[in-house]
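# Summary of the model geometry
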2 protein chains.
Amino acid sequence: MQVWRVNLRERSLKREPAPEAWSRLGGRGLSARILLDEVPATCEPLGPHNKMVLAPGLLVGHMLSSCDRLSFGTKSPMTRGIKEANAGGSTGLHMTNMGMKALIIEDQMPRNGGGGSGWWVLHLSLAGARFEPAEDMAGLAVFEGASRLLKRYGDKVAIALIGPAGEMLLSAAGIQNLDKENVPSRIAARGGLGAVMGSKRLKAIIFDDTGGQKPPIANREAFKQAQKLFTKNTLDHPQTKTYQEYGTPAMVRTCNALGGLPTRNFTSGQFEGAETISGEHMRDLLLRRGGESETTHACMVGCVIQCSNTYGGEDGKAIVSPLEYETIGLLGSNLGIADLDTVARLNWEISDLGLDTIDMGAALGVAAEAGLMQFGDGARALELLGEIRRGTPLGRILGHGAAMAGRVLGVLRVPVVKGQAMSAYEPRAIKGTGTTYVTSPQGADHTAGNTVRAKVDHLDAKANIATSRAAQINMAGFDSLGACIFAGFGFMVNPEVIPDLLNARYGWQVGSDILQVLGKETISLEREFNRRAGFTAADDRIPEYMRTEPLPPHNSVYDASESDLDSIFNW
Amino acid sequence: MQVWRVNLRERSLKREPAPEAWSRLGGRGLSARILLDEVPATCEPLGPHNKMVLAPGLLVGHMLSSCDRLSFGTKSPMTRGIKEANAGGSTGLHMTNMGMKALIIEDQMPRNGGGGSGWWVLHLSLAGARFEPAEDMAGLAVFEGASRLLKRYGDKVAIALIGPAGEMLLSAAGIQNLDKENVPSRIAARGGLGAVMGSKRLKAIIFDDTGGQKPPIANREAFKQAQKLFTKNTLDHPQTKTYQEYGTPAMVRTCNALGGLPTRNFTSGQFEGAETISGEHMRDLLLRRGGESETTHACMVGCVIQCSNTYGGEDGKAIVSPLEYETIGLLGSNLGIADLDTVARLNWEISDLGLDTIDMGAALGVAAEAGLMQFGDGARALELLGEIRRGTPLGRILGHGAAMAGRVLGVLRVPVVKGQAMSAYEPRAIKGTGTTYVTSPQGADHTAGNTVRAKVDHLDAKANIATSRAAQINMAGFDSLGACIFAGFGFMVNPEVIPDLLNARYGWQVGSDILQVLGKETISLEREFNRRAGFTAADDRIPEYMRTEPLPPHNSVYDASESDLDSIFNW
């Protein structure tokens, strides 16, 4: 496995063995190591000194269920700190087939380097790198763009691409990837990775793994055995059935019951329309509608959970795939919209623009508070997304996400930490996840350590400090393995399976604490990057209003002590 | 002299003796002390925990030439750190006549507290505080607003007021004050003080000093003698004549000659149209035009320098007063506009909106780079200011200043430090002032320590570290005295006059190092506030492009070493 290093200004590709210090790492941890070693932490995120790292997790490439995730890393234009967002789909798989431990993209295409639109496609195969002008791709949205690239490069390639949002350098722009049916629906969404790719003038990266092969395995028999146990544990886990049937939208009822479903720009934790946006309602709807609707769907090959879905409209035609809980929470209850068809349409628009649904839902909530739309008015929300598509000033304000929208529009009730929007777990009701939002080096992010499934009193901030810490370490570990959170269900039944898999795959002899080791190392690297970038304890803070404005129905505030927050990573 | 403390939520006024720790301080230093003592440094700048401080300098109130300046202090919504901006005019004088050492405005008027528009006028007199609804003032621009207030409260009052920009919470909004002819032309412009006043729902503060008296003097004879010497030194100083004749626009030729006149969004240090925007050209023009034009004008009573002016149009009617060098640099050469009439009209619009001309000029330069206007197109620049007046999304983007405009519009060539725009001295050509921009706790600000008049090689960054340090200490000292920079000319001829004046005024026994003591203490307090707010050395940095993009005509970059920057205040 090699590190592929592309320099855009030089139009060069170097393939190098990974340095010793990088060899034990993968995914999010490897990305953090590379960024810390190579990117000046105070650099301009959209300037030539920033780099983009693509690093598949350590277990990617072996048809391990839910373990093919790819980490995208960079210095974020949104948080101004380190950023990692990972995605399923086929990109990571192709990279490992090509023998890539990581891809590092350096510098920028000169703005007028190729004449014309100045946009480029980077084509990578075992034969090397090609830098192809992409005149005709300028301004194309994600679905049209992906379809054109699939025609041009054949339907066996993997693609990472940006939409108009990334071209416009909007801070909420992500990087879209193909799922196993070649639908560009797997987005590394958060923190403006798409803007960094746009700043490098790359519209898309093509991965052609022709001639490649599965990554080597040091001890096939041991790997097979561990894999079997992991698959069984995953299939047997009670959560697996829930996620198979309802997918992540199962969380609507759970969070609403906990009083932690963000509603009308985070002014309530319960939504009177929760039932009609619930996973249960969605499942009934999709089963009734049939056609292209699917209540279960795998985003990566080999996944046995298949928590994804295809949301079909009344005519059975697919509106969007997948429709996830976070999106429903932010674009549904958070906007006062109780209708899944509307949420699905908003979701498709946002995905087609190449934006993060979480930050966009939060930004629209802020826009509603600023008087730019009424809560519940889905047609107006669609119009506002149209502003982004047209690149108007208002569209740009919104496309930079909730924090920027709040600043520009003069709204103070803005649910962000480190400039990144909170996900669909109200931190005043689910305080462990709140503490993750506050202390994660990534900014507000439920995937950095969600505590909603923990058996704790979610309203007790103090009791949830340790819960958040444990969840953050585990997730940083999973993100280094390339495992999705639901793989975690299977792993946690028998944690020995993790060292077993790694030792069999790499010929290592890591112990049972490897997940903790990887997790802690990753968080430490990220915090060190942020420290160098100028972050202090003052950045590990909840928005002021969440400490003073009580949230119905519990009328609770976020009340973790600053000393608890500041010592959470003292391990 | 007392501290007046107004709480808006409680609608209360308390008059208290100043605590011992505050008693030696005034102006900027006192403001810093109060903010550090009372405002949580991590608070939301536009939220209820931020406070506004108005503190006249230590020498205000005695008809000392150029020494009636008033410091406005707060946590800045623009830099997110401590902020002080001072202004001439009559407000500081009225405050001292009323016996105010400082006015502290706490908390906020509840948004719907008074029904209607929710805007208020705070009326202060020896009788106490009145909180008056200001329905009819909502949305009024500065000139109309001031005129209405003068009718209502009589033409003997002093007024501090905000325009539409402050109401919209725009980060470049300032606070306007009346000059001695009751023209609202003296703005505490920088860093969004007007937005903080807007967040408190205060449209204006009226100071009625009826029944007041000049502040007491411990030793009248000694004071009179020192004052006489200071006035003579000021009048005799060669710079005084220059500033009397040409005002600050004398600097156009100087800076252009140094290659440090910001031109077309800081891409050149020389402007081919410099001659027609020079102070010399302006003087000829105004003398020829006559009418309301004035080549010399005092903004404060007692000033012997009178560097201000009234810029009259072809018909002799006043377009704006004053037209300053900074404005000409940012709205003239920086926008590629070589015509003073256009610059004057832009200036009037910006003042009427209650905005900072420096940050607005820089924001328009960024807008031009983003393709929203052509350099040189004054009509389009006026249109863009119209967007602010109408409160459109584009107007709001621009009204937040250059840093926000750069972020939203995706421009990387943005001349800011700590989110605040640079003034009309190019840091790559006048590197001492550049070092002040970078290291001042205030963000980029020439008034924090301009080195352009120093006899040094302005292109030698290393040699200018000490120059910047000395200038920053002096200016922080002057800002604590209430002295304008041009008073400094007089003071520096015979620095003993400063302790002499203070000792005579207050019965103190301070030594000849008092200016240094005040200056260092002020900067230390400000840096401590910023440290608590989360600032680190990473915030004391020039924009990346200024270290790599050579600036014509010298083709120099800003190249102060980070270790020099990080140790500049190690005294």
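Residues numbered from 1 in each chain as written. Chains lettered and ligands numbered in written order. Predicted model: local features only at pLDDT ≥ 70, side-chain atom pairs only at ≥ 80, totals over all residues. Heavy atoms only, no water.

## What about the overall build of chain A?
The helix and strand tally for chain A stands at 23 helices and 17 strands. The C-alpha radius of gyration computed for chain A amounts to 22 Å, which stays within 12% of the reference 25 Å derived for 571 residues, consistent with globular compactness. Here the C-alpha coordinates of chain A stretch approximately 60 × 55 × 50 Å along the principal axes. Here the analysis covers contacts within chain A between residues at least 6 apart in sequence; of these, 69% occur between residues at least 24 apart. Carbon and sulfur atoms form 49% of the exposed surface of chain A, whose accessible area is close to 17,900 Å². Between the mean site of the 59 positive side-chain charges and the mean site of the 62 negative ones, chain A shows a separation of 3 Å. (Helix = DSSP H or I, 4+ residues; strand = E, 2+ residues; numbered from the N terminus. Rg over C-alpha atoms; globule rule 2.2 N^0.38 Å. Contact = heavy atoms within 4.5 Å. Areas by Shrake-Rupley, 256 points an atom, 1.4 Å probe, with all protein chains shown as cover. Lys, Arg positive; Asp, Glu negative; His and termini not counted. Charge placed at Lys NZ, Arg CZ, Asp CG, Glu CD.)

## Concerning the packing of helix α17 (residues 431-439) of chain B against helix α18 (residues 463-481) of chain B
Residue and element names in this part refer to chain B. Between α17 and α18, the least distance of the axes is 8 Å, while the angle of their chain directions is 60°. The orientation of α17 relative to α18 falls into the category oblique. The hand of the α17/α18 crossing is right-handed. Every residue of α18 that contacts α17 at K431, G432, T435, T436 and T439 is listed here: N464, I465, S468 and Q472. For the contact of α17 with α18, a count of residues per class yields one nonpolar, seven polar and one charged. (Axes fitted to C-alpha atoms, helices over the stretch in contact; angles between N-to-C directions. Parallel < 35°, antiparallel > 145°, perpendicular 65-115°, else oblique. Left-handed = near helix turned anticlockwise from the far one by under 90°. Nonpolar A, V, L, I, M, F, W, Y, C, P; charged D, E, K, R; others polar.)

## Observations concerning the pattern of salt bridges
Residues and elements named next belong to chain A. For the structure on display, the rule yields 82 salt bridges over all chains. Salt-bridge contacts for R190 lead to D359; the nearest nitrogen and oxygen are separated by 3.3 Å. Of this pair, R190 sits in the loop between β11 (186-188) and α6 (193-199) while D359 sits in helix α13 (residues 357-369), and the two are 169 residues apart along the sequence. Summarising the burial analysis for this pair, R190 and D359 share the class buried. Close ionic contact of D236 with K232 constitutes a salt bridge, the shortest N to O distance being 2.6 Å. Here the residue D236 and the residue K232 both occupy positions in helix α7 (residues 220-236), the gap between them amounting to four residues, near one helical turn. Connected via shared salt-bridge partners are R5, E16, E38, K51 and E106. (Salt bridge = Lys/Arg side-chain N within 4 Å of Asp/Glu carboxyl O. Buried < 20%, exposed > 50% of the residue type's maximum accessible area, 1.4 Å probe, protein only.)

## Things to note about the sheet that holds strand β14 (residues 308-312) of chain B
Residues and elements named next belong to chain B. Reading across from one edge, β13-β14-β15 is the order of the three strands in this open sheet, with antiparallel pairing throughout. A single partner strand is all that each edge strand has here, and the edge strands are β13 (294-297) and β15 (318-320). Going from strand to strand, the sheet's axes swing by 45° on average, the running direction of each strand aside. With two bridges connecting them, β14 and β15 associate as antiparallel partners. Among the inter-strand pairings, G312 is bridged to a residue of β15, identified as A318. Helix-sheet contacts for helix α12 (residues 340-353) involve β14 and β15, and the interaxial angle to β15 is about 65°. (Pairing = 2+ DSSP bridges.)

## Comments concerning the interface of chain A and chain B
Taken together, the 29 residues of chain A in the interface contact 29 residues of chain B. Taking both sides of the interface into account, the surface hidden between chain A and chain B amounts to around 2,400 Å²; carbon and sulfur atoms contribute 63%. On inspection of chain A and its partner chain B, the count reaches zero salt bridges. Grouping the amino acids of the side of chain A that touches chain B by side-chain chemistry returns 15 nonpolar, eight polar and six charged. (Buried area = accessible area lost by both parts, 1.4 Å probe.)

## Comments concerning the pairing of strand β5 (residues 82-87) of chain B
Residue and element names in this part refer to chain B. Where burial is concerned, most of β5 is hidden: six out of the six residues are buried. Neither face of β5 is exposed, since I82, E84 and N86 on one face and K83, A85 and A87 on the opposite face are all buried. Relative to β5, strand β4 (residues 70-75) is paired through six bridges, and the arrangement is antiparallel. Residue pairing for β5: T74 is matched across the bridge by K83. Where β4 hands over to β5, the hairpin turn is made up of six residues, of which R80 adopts a positive phi near 65°.

## As for the relation of the copies chain A and chain B
Under the fitted operation, chain A is carried onto chain B by 0.0 Å of movement along the axis and a turn of 180°, and the coordinates agree to an RMSD of 0.0 Å. Those values place the two copies in the arrangement expected of a two-fold rotation axis. Scanning chain A for the C-alpha nearest the rotation axis identifies P393 of chain A, at a separation of 2.9 Å. A shared binding surface is used by both copies, with 100% of the interface residues of chain A retained as interface residues in chain B. (Least-squares fit on C-alpha atoms with pLDDT ≥ 70 in both.)

## Digging into the side chain of E44 of chain A
Position of E44 of chain A among the secondary structure elements: in the loop between α2 (27-38) and β3 (52-56). On the accessibility criterion, E44 of chain A (19% relative accessible area) is buried. Separated by 3.0 Å, the side chain of E44 of chain A and the backbone nitrogen of L46 of chain A make a polar contact. Here E44 of chain A is in contact with N50 and R80 of chain A together with L412 and E544 of chain B, once residues within four sequence places are set aside. (Polar contact = N/O pair within 3.5 Å; in protein donor to acceptor, adjacent residues only side chain to side chain.)

## Let's talk about the packing of aromatic side chains
For any pair of aromatic rings, the description consists of the separation of the ring centres together with the inter-plane angle of the planes. In the structure shown here, the tally under the stated rule is 18 aromatic pairs over all chains. Taking 4.2 Å as the distance between ring centres and 35° as the angle between the ring planes, the aromatic pair formed by Y243 of chain B and F486 of chain B counts as tilted. Placement of Y243 of chain B in helix α8 (residues 238-246) and of F486 of chain B in helix α19 (residues 485-493) is noted, with a sequence separation of 243 residues between them. An aromatic cluster of at least three residues, connected via ring pairs, comprises F230, F478 and F491 of chain A. (Phe/Tyr/Trp six-rings, centres within 6.5 Å; stacked < 30°, edge-to-face > 60°.)

## Notes on unusual backbone geometry
Omega for the bond connecting P552 of chain A with P553 of chain A falls within 30 degrees of zero, at 5°, which places this linkage in the cis form. Cis geometry is adopted by the peptide bond preceding P322 of chain B, which originates at S321 of chain B and carries an omega value of -5°. With respect to the element layout, P322 of chain B can be found in the loop between β15 and α11 (325-331). One non-glycine residue, D107 of chain A, adopts positive backbone phi at about 60°. On the basis of relative accessible area, D107 of chain A is assigned to the buried category, the value being 16%.

## Overview of the environment of N334 of chain A
All names here are of chain A. Of note, N334 is situated in the loop between α11 (325-331) and α12 (340-353). On the accessibility criterion, N334 (0% relative accessible area) is buried. Distance in space between the C-alpha atoms of N334 and A537 is 29 Å, their sequence separation being 203 residues. Leaving out residues up to four positions away in the same chain, N334 has contacts with P262, T263, R264, N265, F266, G329, G361, A362, G365 and F375.

## Thoughts on the environment of K224 of chain A
As for its position among the elements, K224 of chain A is in helix α7. Each C-alpha atom of the pair K224 of chain A and L64 of chain A lies 9.9 Å from the other, and the pair is 160 residues apart in sequence.

## Looking at helix α21 (residues 514-533) of chain B
Residue and element names in this part refer to chain B. Taking 1.5 Å as the rise per residue, α21 with 20 residues should run 28 Å; its terminal C-alpha atoms sit 28 Å apart, in good agreement. Of all the residues in α21, the buried ones are I514, L515, L518, G519, T522, I523, L525, E526, F529, N530 and A533. In an axial view of α21, the angular spread of the buried residues amounts to 160°, which keeps them on one side of the axis. The secondary structure elements touched by the buried residues of α21 are α2 (27-38), β4, β5, α18, α19 and α20 (497-506). The positive-phi residue at the C-terminal boundary of α21 is G534, with phi of around 110°. (Expected span 1.5 Å × (residues − 1). Arc of directions from axis to C-beta.)

## Notes on the sheet that holds strand β11 (residues 186-188) of chain B
In sheet architecture, strand pairing relies on hydrogen bonds along the backbone and comes in two forms, parallel and antiparallel. Residue and element names in this part refer to chain B. Ordered in space as β8-β7-β12-β9-β10-β11, the six strands form an open sheet in which the pairing is mixed. At either end of the open sheet lies a strand with only one pairing partner, and these are β8 (128-133) and β11. Each adjacent strand pair in this sheet contributes to an overall mean axis angle of 20°, direction not counted. As judged from the three bridges shared by strand β10 (residues 175-177) and β11, these two strands associate in the antiparallel manner. The partner of N177 across the bridge, within β11, is R186. Helix α4 (residues 142-153) contacts β7 (120-125), β8, β9 (158-161), β10 and β12 (202-208) of the sheet and is inclined by roughly 145° relative to β9.

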